[in-house]
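Single-letter residue listing:
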Amino acid sequence: MGSFLHRWLDSDIGYSFRSSPTAIVAALIALVCVFCAVFAGWVSPHNPFDLATLNLADARLPPAWYEQGSTTYLLGTDDQGRDILSAVIYGARISLVVGVVSVILSVLAGVALGLLAGFRGGWIDTFLMRLCDVMLSFPAILVALLIAGVGRALFPNANESLAFGVLILAISLTGWVQYARTVRGSTLVERGKEYVQAARVTGVSPLRIMRRHVLPNVLGPVLVLATIQVATAIITEATLSFLGVGVPPTSPSLGTLIRIGNDYLFSGEWWITIFPGVMLVLIALSVNLLGDWLRDALNPRLQ
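A short tour of the structure in this document, coming up. (Residues numbered from 1 in each chain as written. Predicted model: local features only at pLDDT ≥ 70, side-chain atom pairs only at ≥ 80, totals over all residues. Heavy atoms only, no water.)

What follows concerns the pattern of salt bridges. The full count for this structure, using the stated rule, is 6 salt bridges. Taking the shortest distance from any N to any O, the salt bridge between D292 and R295 comes out at 3.8 Å. Note that D292 and R295 are positioned in helix α13 (residues 271-297) at a spacing of 3 residues, about one turn of the helix. Residues joined in a network through salt bridges with shared partners are R130, D133 and R181. (Salt bridge = Lys/Arg side-chain N within 4 Å of Asp/Glu carboxyl O. Helix = DSSP H or I, 4+ residues; strand = E, 2+ residues; numbered from the N terminus.)

This is the structure:
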């Protein structure tokens, strides 16, 4: 592990990372957020899912530095008496899981369809690209809202696992288009190169050519796009949860916490919505900055 890290730091990408203070700060922020989210059970001071520990008498307590605050709840409590700090940590885990899984599904579908369209061409390419045009003609958030709403209507008594599955599917179906168009354009360039023609002459199957020869050479733009799309997927999940069609209300998602806090914002309980909003901004901003750095680092014209 140490030798791999040393080799990576000595590579061109590693040098680009070491020479970019913005990328280093963004990586540190993202690393802290991911660490707290993954190890929420050990990092958070309370468990917001444990209803036995909730006390309605502690509802809407201000942060600890206020006179009415308590050191037990450093960032205050929400309307159910849940610790805001713990709810934000657990909410970040929910947002990160939904964002990462939905992007993985979008990448798998988009890369496969983009490779197929660019390499095979013909009516397959025409059909898939027209389908992409239709998908792009609708705002992504409206498509996700429609799918999530239909899923909730079809499964009104669904458990939390099914509700999360519907949410991830809704976000994935709106994200695969960009990967498909990106990979298709790169594949059109790669399929005319000599190494692909040589593989065809030697009798290599088209599927093996796509998988072993073309795919590794079109993954650069996909990695950059996937990094940026993680932040977009997290914001989409928060938006759907804010609108009430995202994660179940019992789960302290960042979007759900912001929606709950919005009802109390003008009555003085600003901490219920501000702190989840700050966490959402930190995650999205750090991931976007890492995506911008990765785009520049993988651009050969900037080397």
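After that view of the structure, there is still more to cover.
This next bit is on the packing of helix α5 (residues 84-120) against helix α10 (residues 206-214). Where α5 meets α10, the axes come as close as 11 Å, and the angle between the chain directions of the two elements is 115 degrees. In terms of crossing hand, the pair formed by α5 and α10 is right-handed. For the pair formed by α5 and α10, the contact residues are L115, L116, F119 and R120 on the first element and P206, I209, M210 and V214 on the second. The residue inventory of the contact of α5 with α10, partitioned by class, reads 7 nonpolar, no polar and 1 charged. (Axes fitted to C-alpha atoms, helices over the stretch in contact; angles between N-to-C directions. Left-handed = near helix turned anticlockwise from the far one by under 90°. Contact = heavy atoms within 4.5 Å. Nonpolar A, V, L, I, M, F, W, Y, C, P; charged D, E, K, R; others polar.)

This part is about the packing of aromatic side chains. All told, the structure shown has 8 aromatic pairs when counted by the stated rule. Relative to W293, the ring of F17 has its centre 5.4 Å away and its plane inclined at 70 degrees; by these criteria the two rings are edge-to-face. Remark: W293 occurs in helix α13 and F17 occurs in helix α2 (residues 12-18); sequence separation between them is 276 residues. There is no split in this pair, since F17 and W293 are both buried. A centroid spacing of 6.5 Å and a plane angle of 50 degrees characterise the contact between Y66 and W271, whose relative ring orientation is tilted. Here Y66, found in the loop between α4 (40-43) and α5, pairs with W271, found in helix α13; they are 205 residues apart in sequence, far enough to count as distant. In textbook terms, an aromatic cluster arises when at least three aromatic residues are bridged by ring pairs, as seen for W65, Y66, W270, W271 and F275. (Phe/Tyr/Trp six-rings, centres within 6.5 Å; stacked < 30°, edge-to-face > 60°. Buried < 20%, exposed > 50% of the residue type's maximum accessible area, 1.4 Å probe, protein only.)

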